[in-house]
Amino acid sequence: MTPRSEPLLWLQLIALGVLPLEALLLLLVLAGSDPGPLPGLERLLCWAIGALAPAVLLVRRPADVWSLLLLQTPLRGRRELQRRLSRLQVAPGLALATAGGGALALPLLWWIDRQAAVAAPLTPFASCPRLVALLLAALVLLVMLWQWQQLIQSLWLLTRSPAVVAATRPLGLEELEQQRLCLGLPLLLPDPLKLAEPVATPPAAPPPAAAAPAPEPSAVEAVAVEPEQAPEQGDGADLDEEIP
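Throughout what follows, the structure given in this document is the object of discussion. (Residues numbered from 1 in each chain as written. Predicted model: local features only at pLDDT ≥ 70, side-chain atom pairs only at ≥ 80, totals over all residues. Heavy atoms only, no water.)

**Some details on the overall build of the protein chain**
Then, in step 1: For the protein chain, the helix and strand inventory stands at nine helices and two strands.
Then, in step 2: The N-to-C order of helical and strand elements in the protein chain reads α-α-α-β-α-α-α-α-α-β-α.
Then, in step 3: With 244 residues in all, the protein chain has 35% of them scored as buried.
Then, in step 4: Within the protein chain, counting contacts between residues at least 6 apart in sequence, those at least 24 apart form 92% of the total.
Then, in step 5: By element, 67% of the accessible surface of the protein chain is carried by carbon and sulfur atoms, the whole surface being about 15900 Å². (Helix = DSSP H or I, 4+ residues; strand = E, 2+ residues; numbered from the N terminus. Buried < 20%, exposed > 50% of the residue type's maximum accessible area, 1.4 Å probe, protein only. Contact = heavy atoms within 4.5 Å. Areas by Shrake-Rupley, 256 points an atom, 1.4 Å probe, with all protein chains shown as cover.)

Below you can see the structure in the form of structure tokens.
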């Protein structure tokens with residue numbers, strides 16, 4: 001049971017490439033109209049509608065990690081692993097990151113609006129009323145904040161160990177409806193990823209013991225010693241004849 005087997009967690013990481021494109025879209029939207037007499041107040045109102053209020057809502061009720069804004073996994077079709085990971089969405093660090101994303105949206109909007117005149121020849125929103133441009137910009141900020149929270153939540157969940165996930169109690173259906181912001185049509189039912197398990201390598205066999213060297217032949221070879229021959233004893237009768 002590992003979070004890395006859930007394909008939607010990996011799919012949420014697409015926000016890494018989409019967020020810069022949405023910042024470019026924000027530039028094109030604001031380039032279609034001239035700032036009013038109070039551009040600072042206009043930016044503050046746009047930020048409050050598109051980032052501040054949504055950030056407060058997403059801190060209190062986080063975006064459902066199994067939702068892609070337009071599509072989501074049905075509540076009753078969610079696996080036990082998905083409901084365990086849904087409970088792990090609540091963490092002080094995640095709430096702080098969401099609030100930080102909402103706060104950073106203000107200087108981003110301020111800088112883009114001041115540089116928007118550069119993109120005036122390229123924008124498809126030429127001659128757009130300022131109010132309409134600000135409302136569209138607030139909508140883009142809202143989508144960016146949603147994707148920002150989904151990105152940090154997915155990174156957080158992908159780094160949870162299987163032991164932590166197994167020790168977490170699954171989130172009930174009523175809790176999901178009340179504590180998570182579930183948006184989109186319930187049409188997503190992806191199968192879990194089949195991850196290849198690492199194959200255990202058998203321990204290497206010890207090298208065979210070296211054969212003992214054969215004993216070297218001794219330089220001195222044993223020589224068979226022949227027994228001394230016993231002296232021949234003379235015949236007793238002959239000796240008697242020689243004695244006078």
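**Comments concerning helix α2 (residues 15–30)**
Given 3.6 residues per helical turn, the α-helix brings residues three or four places apart onto the same face.
Then, in step 1: Between its terminal C-alpha atoms α2 stretches 22 Å, which fits the 22 Å expected from 16 residues at 1.5 Å a residue.
Then, in step 2: Ala-15, Leu-19, Glu-22, Ala-23, Leu-26, Leu-27, Leu-28, Val-29 and Leu-30 are the residues of α2 that are buried.
Then, in step 3: Of the surrounding secondary structure, the elements contacted by the buried residues of α2 are α5 (92–115) and α6 (130–158). (Expected span 1.5 Å × (residues − 1).)

**Quick notes on the environment of Thr-168**
Then, in step 1: The residue Thr-168 is located in the loop between α7 (162–166) and α8 (173–179) in this model.
Then, in step 2: Residues Thr-168 and Leu-88, spaced 80 residues apart in sequence, show a C-alpha to C-alpha distance of 7.7 Å.
Then, in step 3: Setting aside anything within four residues of it in sequence, one finds Thr-168 in contact with Arg-84, Arg-87 and Leu-88.

**Description of the pattern of salt bridges**
Then, in step 1: This structure, assessed with the given rule, holds seven salt bridges.
Then, in step 2: In this structure, Arg-43 engages Asp-113 in a salt bridge whose closest nitrogen and oxygen atoms are separated by 2.7 Å. With a gap of 70 residues between them, Arg-43 in helix α3 (residues 39–60) and Asp-113 in helix α5 connect regions that are remote in the sequence.
Then, in step 3: Using a relative accessible area of 6% as the deciding quantity, one classes Asp-113 as buried.
Then, in step 4: With its nearest N and O atoms 2.4 Å apart, the salt bridge here joins Arg-84 to Glu-80. Of this pair, Arg-84 and Glu-80 both sit in helix α4 (residues 80–87), separated by four residues, roughly a single helical turn.
Then, in step 5: When its relative accessible area of 38% is taken as the criterion, Glu-80 is described as partly exposed.
Then, in step 6: By sharing partners, the salt bridges in this structure join Glu-42, Arg-43, Asp-113 and Arg-130 into a single network. (Salt bridge = Lys/Arg side-chain N within 4 Å of Asp/Glu carboxyl O.)

**Examining the packing of aromatic side chains**
Then, in step 1: Tallied over the entire structure, the rule returns zero aromatic pairs.
Then, in step 2: Of note, Arg-160 hangs over the ring of Trp-156, and the distance from its end group to the ring centre comes to 3.7 Å. (Phe/Tyr/Trp six-rings, centres within 6.5 Å; stacked < 30°, edge-to-face > 60°. Lys NZ or Arg CZ within 6 Å of the ring centre and 35° of its normal.)

**Structural notes on α5**
Then, in step 1: Along its 24 residues, α5 runs 35 Å from first to last C-alpha, staying within 8% of the 34 Å computed at 1.5 Å per residue.
Then, in step 2: Every buried residue of α5 is accounted for by Leu-94, Thr-98, Gly-101, Gly-102, Ala-105, Leu-109, Ile-112 and Asp-113.
Then, in step 3: As for α5, its buried residues are in contact with α2, α3 and α6.

**A few points about the packing of α3 against α5**
Then, in step 1: Two elements in contact, α3 and α5, have axes separated by 9 Å at closest approach and are oriented at 165°. Here α3 is positioned roughly antiparallel relative to α5, judged by the angle of their axes. Between α3 and α5 lies a crossing whose hand is right-handed. Seen from α3, the contacting residues are Gly-40, Arg-43, Leu-44, Cys-46, Trp-47, Ala-51, Ala-55, Leu-58 and Val-59; seen from α5, they are Ala-95, Thr-98, Ala-99, Gly-102, Ala-103, Ala-105, Leu-106, Leu-109, Trp-110, Asp-113 and Arg-114.
Then, in step 2: The class makeup of the residues in the contact of α3 with α5 is 14 nonpolar, three polar and three charged. (Axes fitted to C-alpha atoms, helices over the stretch in contact; angles between N-to-C directions. Parallel < 35°, antiparallel > 145°, perpendicular 65-115°, else oblique. Left-handed = near helix turned anticlockwise from the far one by under 90°. Nonpolar A, V, L, I, M, F, W, Y, C, P; charged D, E, K, R; others polar.)

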